[in-house]
Amino acid sequence: MSVLGPLPEGLACRPIAEADWLDVVDCLSRGFPERSRRYWEEALERMSNRPAVEDLPRYGYVLDCEGRVVGVLLALYFRHPGDAVRCNLSSWAVDEDFRSYAGKLIMTAMRRRDVTFLSITPAPVTLKVTEALRFRRFADGQQAFVPLLTRATGAIRAVVARPGLAELDRLLEEDRTLLLDHAALGCDAVLCLDGDDAYPFVLKRRRVLRGMLPCSQVIYCRSHADLSRCAHALGRYLVRKGLLFAVVDACGPVPGLVGRYFAGTGPKYAKGPNPPWPGDLAFTEFAVFDA
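Residues numbered from 1 in each chain as written. Predicted model: local features only at pLDDT ≥ 70, side-chain atom pairs only at ≥ 80, totals over all residues. Heavy atoms only, no water.

Participant: Can you help me understand the overall build of the protein in this one?
Facilitator: Helices and strands together make up the secondary structure of the protein, namely 7 helices and 12 strands. Computed over the C-alpha atoms, the radius of gyration of the protein is 20 Å, within 12% of the 19 Å expected from 2.2 N^0.38 for a compact globule of 291 residues. C-alpha atoms of the protein, sized along the principal axes, occupy 65 × 40 × 35 Å. Among the 291 residues that make up the protein, the fraction classed as buried is 52%. Sequence separation of at least 24 residues holds for 71% of the intrachain contacts in the protein that already meet a minimum separation of 6. When the accessible surface of the protein is totalled, it reaches about 13,900 Å², and 52% of it is carbon and sulfur. (Helix = DSSP H or I, 4+ residues; strand = E, 2+ residues; numbered from the N terminus. Rg over C-alpha atoms; globule rule 2.2 N^0.38 Å. Buried < 20%, exposed > 50% of the residue type's maximum accessible area, 1.4 Å probe, protein only. Contact = heavy atoms within 4.5 Å. Areas by Shrake-Rupley, 256 points an atom, 1.4 Å probe, with all protein chains shown as cover.)

Spelled out as structure tokens, the structure:
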């Protein structure tokens, strides 16, 4: 794969504009035929509703061949609590005749040294490229667990985060914003209360085992220790939604969670000054795109 040197005349790599949406959806539909056109249309609509970050592209980049979109890389830029800028590189699709120039998309996106780049759904065929670009794993696998089977700790209770909830004042402003922003995206934003202590969590319904088993993906927790401490309370909340199982990214079995660790399942990569911890998928495609 060529990633260096000038592009041939007539071929350009540039940011996606709203006028490109139809062509971008066409290209992504060719590259990911298992996804519906509506999935990509909704993905772009949701990206358009997210706040822009400085002068960074709102949607990502295209390969433009004389006015025709022949390659796409979606890029979700966001500010993480603590003010770090991250970018989830997603949905890399290039038409077959132009795949020797596919690397231009990712190299163009990664010019900013102060941004931490994430690759959280790498296709098997792109893993070698990801690792060659010196991305490092921040999650080696996933822990599947049954929250209700986790030992209850004290009298912790789970409440839904919503504007005006008094208990949100127990959190830092950045955590309050994170919860409410994810609630607006359709995620389950939950606050676990233990006396005067409060623990923020973001979860999202998804299906695993080839779509046969509904479960809840942990989108955000401050630590695995917080998750283990509050898992039973979260389990009581989830069972009311018809969910018995949950999954969280990890680098090994998570102490306190009753379940099984699957090494090598869903590995996730980062490159840059502020990599996430396992269990932090805030503002990524897992939250912004539909399941």
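Having seen it, we continue.
Participant: For this particular structure, what's the right way to read helix α6 (residues 224-239)?
Facilitator: Because an α-helix completes one turn every 3.6 residues, residues spaced three or four positions apart along the sequence face the same direction. Most pronounced at A231, the bend in α6 amounts to some 60°. Among the residues of α6, those classed as buried are D226, L227, S228, C230, A231, H232, A233, L234, G235, Y237 and L238. On its buried face, α6 is in contact with β6 (136-145), β7 (157-160), β8 (188-194), β9 (197-208), β10 (213-221) and β11 (246-250). (Bend = angle between axes of the 7 residues up to and from the residue.)

Participant: Hey, could you run me through the sheet that holds strand β12 (residues 259-271) in this one?
Facilitator: Sheets are built from strands that pair by backbone hydrogen bonding, the pairs being arranged parallel or antiparallel. With respect to topology, 12 strands assemble into an open sheet ordered β1-β2-β3-β4-β5-β12-β6-β11-β10-β9-β8-β7, the strand pairing being mixed. The sheet is open, and its two borders are formed by β1 (11-15) and β7, each paired with just one other strand. Across the sheet, the axes of successive neighbouring strands diverge by a mean angle of 30°, strand direction being ignored. Here β8 runs beside β9; their pairing, made up of 7 bridges, is antiparallel. Looking at β9, one finds that A189 is bridged to V202. (Pairing = 2+ DSSP bridges. Axes fitted to C-alpha atoms, helices over the stretch in contact; angles between N-to-C directions.)

Participant: What is the right way to look at the nonpolar core in this model?
Facilitator: It is characteristic of soluble globular proteins that their nonpolar side chains tend to be buried jointly. Grouped together as the largest cluster of nonpolar side chains are 46 residues, with contacts concentrated most on V72, L74, L179, L191 and F289. Excluding residues within four positions of it along the chain, L191 makes contact with R157, A158, V159, L165, E167, L168, L171, L179, A198, Y199 and P200. In terms of nonpolar packing, the next biggest core, distinct from the first, is built from 25 residues, Y61, L63, L73 and F117 among them. (Core = buried A, V, L, I, M, F, W, Y, C linked by side-chain atoms within 4.5 Å.)

Participant: Is there a simple way to think about the packing of aromatic side chains in this case?
Facilitator: For any pair of aromatic rings, the description consists of the separation of the ring centres together with the inter-plane angle of the planes. With the rule as written, the count across this model stands at 6 aromatic pairs. When the centroid spacing of 6.2 Å and the interplanar angle of 85° are considered together, the rings of Y39 and F289 count as edge-to-face. One end of the pair, Y39, is in helix α2 (residues 37-48); the other, F289, is in the segment after α7 (285-288), with 250 residues separating them in the sequence. Of the two residues examined, Y39 and F289, each falls in the buried class. Through successive ring pairs, a cluster of aromatic residues spans F32, Y39, W40 and F289. Positioned over the ring face of Y39 is R35, at 4.2 Å from the centre of the ring. (Phe/Tyr/Trp six-rings, centres within 6.5 Å; stacked < 30°, edge-to-face > 60°. Lys NZ or Arg CZ within 6 Å of the ring centre and 35° of its normal.)

Participant: What should I look at first to understand the packing of helix α1 (residues 21-31) against α2 in this one?
Facilitator: When two helices pack together, you describe them by how their axes are tilted relative to each other and by the distance separating the axes. Between α1 and α2, the least distance of the axes is 9 Å, while the angle of their chain directions is 130°. Comparing the axis directions of α1 and α2 gives the class oblique. Where α1 crosses over α2, the handedness of that crossing is right-handed. Contact residues: W21, L22, V24, V25, D26, L28 and S29 in α1; R37, W40, E41, L44, E45 and S48 in α2. Residues belonging to the contact of α1 with α2 are distributed by class as follows: 7 nonpolar, 2 polar and 4 charged. (Parallel < 35°, antiparallel > 145°, perpendicular 65-115°, else oblique. Left-handed = near helix turned anticlockwise from the far one by under 90°. Nonpolar A, V, L, I, M, F, W, Y, C, P; charged D, E, K, R; others polar.)

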